[in-house]
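Single-letter residue listing:
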Amino acid sequence: MSGSGRPGARGSGIRASRALLTDPALHAAALGIAAIAAALYAPMLTWAITGGLAGYSLSGSV
């Protein structure tokens, strides 16, 4: 029973996983990794976005 107020193995595991998922350090690390990956792929991403916009404008969708 989850609403009984008794600490159980299942409830403590849920609390531990919530604490891990809401930890700001985890999100900061993920953002840092994403920023490094974007910096490494910046030229390719720039050309991909430019090509996508060119294709959209040339297709007559604009």
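Residues numbered from 1 in each chain as written. Predicted model: local features only at pLDDT ≥ 70, side-chain atom pairs only at ≥ 80, totals over all residues. Heavy atoms only, no water.

Caption draft 1: Region of interest: the overall build of the protein. In terms of helices and strands, the protein carries three helices and zero strands. Ordered by position from N to C terminus, the α and β elements of the protein give α-α-α. Per-residue burial over the protein gives 0% buried out of 62 residues. If you sum the accessible surface of the protein, you get close to 5,400 Å²; carbon and sulfur atoms cover 72% of it. (Helix = DSSP H or I, 4+ residues; strand = E, 2+ residues; numbered from the N terminus. Buried < 20%, exposed > 50% of the residue type's maximum accessible area, 1.4 Å probe, protein only. Areas by Shrake-Rupley, 256 points an atom, 1.4 Å probe, with all protein chains shown as cover.)

Caption draft 2: Spotlight on helix H3 (residues 42-58). Between its terminal C-alpha atoms H3 stretches 24 Å, which fits the 24 Å expected from 17 residues at 1.5 Å a residue. Phi turns positive one or two residues past the end of H3, at glycine 60, with a value near 90°. (Expected span 1.5 Å × (residues − 1).)

Caption draft 3: Representation of the confidence of the model for the protein in the model. Taken as a whole, the protein shows an average pLDDT of 82; of its residues, 81% reach a score of 70 or greater. The least confident element of the protein is helix H1 (residues 9-21), whose mean pLDDT is 74; the most confident is H3, at 92. (pLDDT = per-residue confidence, 0-100.)

Caption draft 4: Structural context of a nonpolar patch on the surface. On the surface, Ile36, Leu40, Tyr41, Met44, Leu45, Ile49 and Leu53 cluster together into a nonpolar patch covering about 790 Å² of accessible area. Listing elements by their share of the nonpolar patch, those giving two or more residues are helix H2 (24-40) and H3. Considering every element that reaches the nonpolar patch, the biggest residue donor is H3, with four residues. In this fold, isoleucine 49 is placed in helix H3. (Patch = residues over 30% accessible without salt bridge, like charges linked within 9 Å, V, L, I, M, F, W, Y side chains within 5 Å. Salt bridge = Lys/Arg side-chain N within 4 Å of Asp/Glu carboxyl O.)

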